[in-house]
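Letter by letter, the chains look like this.
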Amino acid sequence: FHVISFEHLDGLPVTRVELTPITGRTHQLRVHCASIGHPIIGDDIYGIGGEGTPNGGIPDTVMDSTFPDRASLELQKDINTIIQQRRTTTVGGKTDNS
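Residues numbered from 1 in each chain as written. Predicted model: local features only at pLDDT ≥ 70, side-chain atom pairs only at ≥ 80, totals over all residues. Heavy atoms only, no water.

Here we come to helix H1 (residues 26–35). For H1, the complete set of buried residues consists of Leu-29, Cys-33, Ala-34 and Ser-35. On its buried side, H1 packs onto helix H2 (60–66). Positive backbone phi, at 85°, marks Gly-37, one or two positions downstream of H1. (Buried < 20%, exposed > 50% of the residue type's maximum accessible area, 1.4 Å probe, protein only. Helix = DSSP H or I, 4+ residues; strand = E, 2+ residues; numbered from the N terminus. Contact = heavy atoms within 4.5 Å.)

Here you go:
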């Protein structure tokens, strides 16, 4: 991975990174980022509230000791709320969820 920049999304800290899959499987990038407490913003499966198991199935106590700088659950929820609000925009009187 390569850190491109450290930014803020409506005042919340986010990091823009470049991820390059070695095997060509982007799924692995998504699940591994989520498993270390840094989910990809807007990921509907492994992001906060997604269908995947939180922390890749690893208990919070293990995550906290192994990855002490991971994004807190509260921060992940706040960022997800902003993303969901931005996805839902009114276009010509209709709701666009793209």
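Here we take up the side chain of Asp-43. Counting through the fold element by element, Asp-43 comes out in the loop between H1 and H2. Of the polar contacts made by the side chain of Asp-43, one reaches the backbone nitrogen of Ile-45; its length is 2.9 Å. Among the polar contacts listed, one links the side chain of Asp-43 to the backbone nitrogen of Tyr-46, at a separation of 3.1 Å. (Polar contact = N/O pair within 3.5 Å; in protein donor to acceptor, adjacent residues only side chain to side chain.)

Here we come to helix H3 (residues 73–87). Here H3 spans 21 Å end to end across 15 residues, near enough to the 21 Å set by a 1.5 Å rise per residue. Within the span of H3, buried status applies to Leu-75, Gln-76, Ile-79, Ile-82 and Ile-83. Here the buried residues of H3 occupy an arc of 125° about the axis, which is enough to place them on one side. For H3, the exposed residues lying more than 90 degrees away from the buried face are Glu-74 and Gln-85. Looking at the packing, one finds that the buried side of H3 touches strand S1 (2–9) and strand S2 (12–18). (Expected span 1.5 Å × (residues − 1). Arc of directions from axis to C-beta.)

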